[in-house]
Amino acid sequence: MGTILITGGLGQIGTELSEHLISKYGSEKVLVSDIKSEASGDIRYTRLDVADLDKIMKVIKENDITDIFHLAAILSATGEKDPFLTFNVNLMGTQNMYTVVKKLNLNKLFIPSTIGVYGPTTPKDMVPEDTVIRPATMYGITKISAEMLGEYYSKKFGMDVRGLRFPGLISYKFPPTAGTTDYAVDMIIHAVKGEDYTCYLKQDTEMPMMYMPDALDAVIDLYEAPRSNLTRSTDYNVGSYSITPASLYEEIKKYYPEFRVEYKPDYRQDIADGWPHSIDFTKAQRDWNFKPKYDFQRTVKDMVLNLKRKLK
Ligand code: NAD
C-alpha cells in the first residue's frame with residue numbers, strides 16, 4: 001500500500017479514523033484532508049475541497065496516494081438547509097473520487113453511507129439492504145446515488161469500492177456536526193455538565209445507533225476483508241442497538257438522577273420519521289464478521305466515564 005488519503009478528515013468520524021489509521025499504518029502513510037484551512041495536532045494535513053477535481057488529482061499524484069477513505073459530506077440536517085451545496089459535495093464530490101480512482105488506477109476506495117438512504121415508504125423494522133428505497137431528503141438522495149454509482153463502477157470497471165450504511169454514531173472525542181441522530185451525544189454531554197436538555201425529537205422516536213469504536217472497527221474490517229468474501233459493494237448495513245430519546249434518558253438517569261429533559265420537536269423530527277427503527281446487519285456479519293462490542297448500556301457507561309474526564 002502507498003499512502004492513504006482521508007477526505008473530510010476533520011469531522012466526527014474523520015478525527016477518530018485518522019488517529020486509528022495513523023496508529024495502524026504510521027503517520028507518514030496517512031494524509032488527512034478537509035475543506036478547513038488548518039488542522040491541529042501532529043498529522044500530515046492538506047486543505048482539499050472534494051468538489052475540486054484538478055486539486056484532487058494533483059494531491060493524489062504528488063503524495064503517492066493509493067487508497068482513499070472518502071468521508072467529506074454535508075450531513076442530514078444541514079443538508080436540508082442547503083440542498084444544492086449537499087448535492088455538490090456529496091454527489092459530485094463522490095463522483096470525483098470515482099473519476100480519480102478509475103483514471104489513476106488506485107487500489108481501494110471506502111465510502112460511508114447512512115440509514116438516511118431509507119425513506120418514509122421503507123418498512124420500519126429490521127430493514128435489510130434491499131428494500132423500498134425512496135429517500136425524502138437531499139442527504140438520502142445523494143447518498144443512495146453515491147452508493148449505486150460505486151456499485152456500478154465496481155462491476156463495470158472492476159474498481160474496488162467498499163462502503164457501509166452507518167446508523168447514528170455516538171462518540172465523545174469530537175462533537176457531531178448536524179446529523180439527525182446527534183441528540184444522543186448532546187443529551188449525554190448535557191447530563192455530564194449538570195445541565196437540563198431540550199431534545200429536538202419526540203421522546204418515542206426510535207432509531208438505530210452504534211458506538212464509535214465499533215464503527216471504526218467496522219470500517220477497517222470491511223476495508224481489509226478479502227474481496228472474494230464480499231457479496232455487496234457499497235451498502236452493507238451495520239449497527240448495534242435501537243434507542244429512543246426516552247430510553248436514553250432513562251439510562252442516563254442511572255448516573256444522573258437529577259437530570260431533566262424536555263421535548264421540543266423541530267424540522268429534524270420529519271427527517272427522523274422517514275428513517276428505520278432498526279436494521280438487519282446479518283450480511284455484514286456473514287461476509288466480514290461484523291461484531292459490535294458495545295451494547296447500549298456499555299456505550300452510555302463509557303460515554304459518561306470519558307466525558308467526565310474530558311469536561312473536568
Ligand atoms: P462531519 O460533518 O463531522 O464531517 C464531515 C467533514 O467533511 C467536515 O469536517 C467538513 O469540514 C468536511 N467537508 C465538508 N464539505 C467539504 C468539501 N467540499 N470538501 C472537503 N471536505 C468537506 O461528518 P461525519 O459524521 O464525520 O461523517 C463522515 C461520513 O460518514 C459522511 O459521509 C456521513 O454521511 C457518514 N455518516 C455519518 C454518520 C454519523 O452519525 N456521524 C452516520 C451515517 C453516515
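In the block above lies the structure referred to throughout.
Residues numbered from 1 in each chain as written. Predicted model: local features only at pLDDT ≥ 70, side-chain atom pairs only at ≥ 80, totals over all residues. Heavy atoms only, no water.

**Q** Which parts of the structure should I look at to understand the packing of helix 6 (residues 183-193) against helix 8 (residues 245-253)?
**A** Two measures define how a pair of helices packs: the angle their axes make with one another and the distance between the axes. One way to put it is that helix 6 packs onto helix 8 with a least axis distance of 11 Å and a crossing angle of 30 degrees. Judged by the angle between their axes, helix 6 and helix 8 are roughly parallel. Remark: the crossing between helix 6 and helix 8 carries right-handed chirality. Between helix 6 and helix 8, the contacting residues are Tyr183, Ala184, Met187, Ile188 and Ala191 on the first element and Pro245, Leu248, Tyr249 and Ile252 on the second. A breakdown of the residues in the contact of helix 6 with helix 8 according to their chemical character gives nine nonpolar, no polar and no charged. (Axes fitted to C-alpha atoms, helices over the stretch in contact; angles between N-to-C directions. Helix = DSSP H or I, 4+ residues; strand = E, 2+ residues; numbered from the N terminus. Parallel < 35°, antiparallel > 145°, perpendicular 65-115°, else oblique. Left-handed = near helix turned anticlockwise from the far one by under 90°. Contact = heavy atoms within 4.5 Å. Nonpolar A, V, L, I, M, F, W, Y, C, P; charged D, E, K, R; others polar.)

**Q** Hey, could you run me through the pattern of salt bridges in this one?
**A** Think of it this way: side chains of opposite charge can pair up when their charged atoms draw near. Within this structure, the stated rule accounts for 16 salt bridges. Lys283 is the partner of Glu129 in a salt bridge, and the nearest nitrogen-oxygen pair spans 3.3 Å. Within this pair, whereas Glu129 is found in the loop between strand 5 (108-114) and helix 5 (138-157), its partner Lys283 is found in helix 10 (residues 282-288), the two being separated by 154 residues in sequence. Note that Glu250 is salt-bridged to Lys253, the shortest N-O span being 4.0 Å. With Glu250 and Lys253 both in helix 8 and three residues apart, the pair spans about one turn of that helix. It is possible to trace a salt-bridge network through shared partners that takes in Asp130, Glu147, Arg165, Arg232 and Asp235. (Salt bridge = Lys/Arg side-chain N within 4 Å of Asp/Glu carboxyl O.)

**Q** Can you help me understand the pairing of strand 2 (residues 30-34) in this one?
**A** For a regular strand, the rule is simple: side chains alternate between the two faces of the sheet. The element strand 2 is extensively covered by neighbouring structure, given that five of its five residues are classed as buried. Going residue by residue along strand 2, you find Val30, Val32 and Asp34 tucked away on one face and Leu31 and Ser33 tucked away on the opposite face as well. In terms of handedness, the path from strand 1 (residues 3-7) via helix 1 (residues 12-25) over to strand 2 forms a crossover that is right-handed. Alignment of strand 2 against strand 3 (residues 44-47), held across four bridges, turns out to be parallel. Counted as the bridge partner of Asp34 is Arg47 from strand 3. (Buried < 20%, exposed > 50% of the residue type's maximum accessible area, 1.4 Å probe, protein only. Right-handed = clockwise from strand over helix to strand, strands pointing away. Pairing = 2+ DSSP bridges.)

**Q** How do you make sense of the side chain of Arg268 when you look at a structure like this?
**A** Along the chain, Arg268 falls in helix 9 (residues 268-273). Separated by 2.7 Å, the side chains of Arg268 and Asp266 make a polar contact. Leave out the neighbours within four places in its chain, and Arg268 touches Ala77, Gly179, Thr180, Tyr200 and Leu201. (Polar contact = N/O pair within 3.5 Å; in protein donor to acceptor, adjacent residues only side chain to side chain.)

**Q** In this structure, what is going on with unusual backbone geometry? I would like to understand it.
**A** Only a minority of non-glycine residues have a phi that is not negative, and only a minority of peptide bonds are not trans. Positive phi, close to 55 degrees, is recorded for Asn105, a residue that is not glycine. Relative to the helices and strands, Asn105 is located in the loop between helix 4 (83-103) and strand 5. One non-glycine residue, Asn289, lies in the positive phi region at around 60 degrees. Turning to its location among the elements, Asn289 is positioned in the loop between helix 10 and helix 11 (296-310).

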